Amino acid sequence: MNPTGDSAAPESGDPQAGRAGAPDDIAPAPAEIRVRPGEPLAGELEIGGAKNSVLKLLAATTLAEGLSTLRRVPRIADVTTMIELLQSFGCGAWFSDDDVLHVEVPERLEPHASYDLVSRMRASIAVLGPLLARCGEAMVALPGGDDFGSRPIDMHLSALERLGVDIDVSHGYVHARASVLKGEEVSLAWPSVGATENIMMAATAAEGRTVIHNAAREPEIADLAAFLNRMGAEVLGAGSPTITINGGGPLAPVDHTPVPDRIETAVFLAAVGIAGGEITLRGAQPGHLRMLCDKLGEMNLRTSTIKGGLWAMAPQRLRATEIVTLPYPGVATDYQPLLVAMLSLAEGVGLVTENVFANRFRYVGELVRMGADIRVEGRCAIVRGRERLSGAPVRATDIRAGAALVVAGLGAEGETIVRDTHHISRGHEDLVGKLQSLGADVAWVPAG
Ligand code: UD1
């Protein structure tokens, strides 16, 4: 283990145009995002289903033959990739409404996840547990590293071995086989989200009881447990560090609405913090955002739970604070680029410590190109706030860093052009359109 330690009216072609219909109608984003500073934000918008939940729930649909339905599914490229993966196993998948996705799971699956699909999205590894549970075997390409460094899956594999899975890693693939899965005690050295999910899903088919110690506690884990329980599984304690799965029972397809996306919520909180103003985020779940809202409070951003969502109002100027990323309920590593963007414009010196991923400050050079004063030393970033940043062409380096650069542009003089927007389209549904709905001066423009 290695924890360190579109609805938008485009000026030209909107890459997310034509959203209804087949899942593959999200074109790769050839366009760039142009951001200009403007009036304070105002208005309200709807938060979508959590990407990090939906992807695992889609993998989990394969556990039961028949038709499962997911609602509030964001129209993002990662969902398209997961749909293609399910189709490659022999499943049918289609949207019946803008955000209602159906998956028809056949009796027999082809348990093979190709490198082409897995290399597009690390979350593809989430199919390993369900394929083993359903087919007793799986051949899944190794996901490899990504934009924040090497991301091993050793904990996924050693836990599955404890459940009786034979694993052979060769030629870039994990070959996994289990004639019988057996319930066991599994202790994770770090509360890995992905490992916890894979074990939970495999354990639904294991004989007897599986107990996961030091399990991840993210809201998306509790959501997966709710989904599995609705299917007929017996998963107890999700959301706490000890999860028990009494396996072996039959599972049936379900209809489920995933939890709202707390990271998308954080994007708009950062946006209002930087641009100023007052917004309402309908459907947001404040209970999942407590630590973040506490931190934002220290930065003088006011948030308040309202019926059906979250309200936020920006101060005259943000104030710097100290931030440490940790597994849930700590401040999520996925918020980190957004918080660094906010600190770049805050009064005072902020200190950010990244504890989850070894190399998650790669995007900082892009903020520095916008005039931010940030020094990275190992796992820490020291951020000296500036009154304004300076608009510049920058590149999105990953999903969350891309969103952070867009919101940073709201606090920069002149024009910011964010390139490599395919990263943003992977995980953020209609970011441009949603910001426009709050009055932000943001638009898709043709690639320069
Ligand atoms: C998930 C989220 C990601 C989020 C992360 C941490 C999805 C699609 N992605 O990723 O957005 O940033 O949780 O909240 O849900 N590790 C090992 N060995 C393993 C597994 C993990 O060393 O077998 C290490 C990782 O390298 C990392 C840390 O554990 O340093 C946390 O990883 P993990 O919680 O597994 O993240 P993901 O599930 O990949």
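Above: the structure in question.
Residues numbered from 1 in each chain as written. Predicted model: local features only at pLDDT ≥ 70, side-chain atom pairs only at ≥ 80, totals over all residues. Heavy atoms only, no water.

Along the chain, the position of valine 235 falls in strand β12 (residues 234-236). Residue classification places valine 235 among the buried residues on the basis of a relative accessible area of 6%. In the structure, valine 235 is positioned 11 residues away from leucine 224 in sequence and 9.5 Å away in space, judged by C-alpha atoms. When residues no more than four places from it in sequence are discounted, the contact partners of valine 235 are Met200, Ala225, Leu228, Asn229, Ile243, Thr244 and Ile245. (Helix = DSSP H or I, 4+ residues; strand = E, 2+ residues; numbered from the N terminus. Buried < 20%, exposed > 50% of the residue type's maximum accessible area, 1.4 Å probe, protein only. Contact = heavy atoms within 4.5 Å.)

Before going further, it helps to spend a moment on the sheet that holds strand β17 (residues 309-313). The strands making up a sheet associate through backbone hydrogen bonding, with each pair oriented either parallel or antiparallel. With mixed pairing, four strands are arranged side by side in an open sheet as β2-β15-β17-β16. Unpaired on one side and paired on the other, β2 (41-46) and β16 (302-306) mark the two borders of the sheet. Mean inter-strand twist for the sheet, computed between neighbouring axes without regard to direction, equals 15°. The sheet contact formed by β16 and β17 spans five bridges and is antiparallel. Bridge pairing links arginine 302 to methionine 313 in β17. Contacting β2, β15 (277-282), β16 and β17, helix α8 (residues 262-275) crosses the sheet at an angle of about 170° to β15. (Pairing = 2+ DSSP bridges. Axes fitted to C-alpha atoms, helices over the stretch in contact; angles between N-to-C directions.)

Within the element layout of this structure, glutamate 197 appears in helix α6 (residues 193-203). The exposure class of glutamate 197 is buried, given its relative accessible area of 1%. Those residues in contact with glutamate 197 that sit more than four places away from it in its chain are Asn52, Lys56, Ile221 and Leu224.

In this section: the side chain of histidine 102. As for its placement among the helices and strands, histidine 102 is situated in strand β5 (residues 100-105). Residue classification places histidine 102 among the buried residues on the basis of a relative accessible area of 12%. Side chain to side chain, histidine 102 and serine 96 meet in a polar contact 2.7 Å long. If we ignore the near neighbours within four places in the chain, the residues touching histidine 102 are Leu67, Ser68, Thr69, Gly92, Ala93, Trp94 and Ser96. (Polar contact = N/O pair within 3.5 Å; in protein donor to acceptor, adjacent residues only side chain to side chain.)

Within this structure, the stated rule accounts for 26 salt bridges. Among the salt bridges present, the one from aspartate 78 reaches arginine 426, with a minimum N-O distance of 2.7 Å. Taken as a pair, aspartate 78 in helix α2 (residues 77-89) and arginine 426 in helix α13 (residues 422-427) lie far apart in primary sequence, 348 residues in all. A single burial state applies to aspartate 78 and to arginine 426, both of which are buried. Residue arginine 360 pairs with aspartate 334 through a salt bridge whose shortest N-O separation is 2.6 Å. With arginine 360 in the loop between β19 (349-353) and α11 (364-369) and aspartate 334 in the loop between β18 (322-324) and α10 (336-343), the pair connects residues that are 26 residues apart, well separated along the chain. You'll find arginine 360 and aspartate 334 in the same group, each marked buried. Taken together, the shared-partner salt bridges in this structure form one network comprising Arg34, Arg36, Glu415 and Asp441. (Salt bridge = Lys/Arg side-chain N within 4 Å of Asp/Glu carboxyl O.)

This part covers the sheet that holds β5. An order of β4-β5-β3-β14 is seen for the four strands of this open sheet, with the pairing classed as mixed. Sheet topology places β4 (92-97) and β14 (255-256) at the edges, where each strand pairs with a single neighbour. Examined bridge by bridge, strand β3 (residues 66-70) and β14 share two bridges and lie parallel to one another. Among the inter-strand pairings, leucine 70 is bridged to a residue of β14, identified as histidine 256. Sitting on the sheet, α2 touches β4 and β5, and the angle it makes with β4 is about 135°.

Because an α-helix completes one turn every 3.6 residues, residues spaced three or four positions apart along the sequence face the same direction. Judged by how many residues are buried, helix α1 (residues 51-61) sits mostly within the fold: 10 of 11 residues are covered. Three or more residues of α1 are buried, namely Lys51, Ser53, Val54, Leu55, Lys56, Leu57, Leu58, Ala59, Ala60 and Thr61.

The next thing to look at is the packing of α1 against α6. α6 packs onto α1 with a crossing angle of 25° between their chain directions and a minimal axis gap of 11 Å. Classed by the angle they form, the pair α1 and α6 counts as roughly parallel. The chirality of how α1 crosses α6 is right-handed. Across the interface between the two elements, Asn52, Lys56 and Ala60 of α1 pack against Val193, Glu197 and Met201 of α6. Along the lines of polarity and charge, the residues of the contact of α1 with α6 split into three nonpolar, one polar and two charged. (Parallel < 35°, antiparallel > 145°, perpendicular 65-115°, else oblique. Left-handed = near helix turned anticlockwise from the far one by under 90°. Nonpolar A, V, L, I, M, F, W, Y, C, P; charged D, E, K, R; others polar.)

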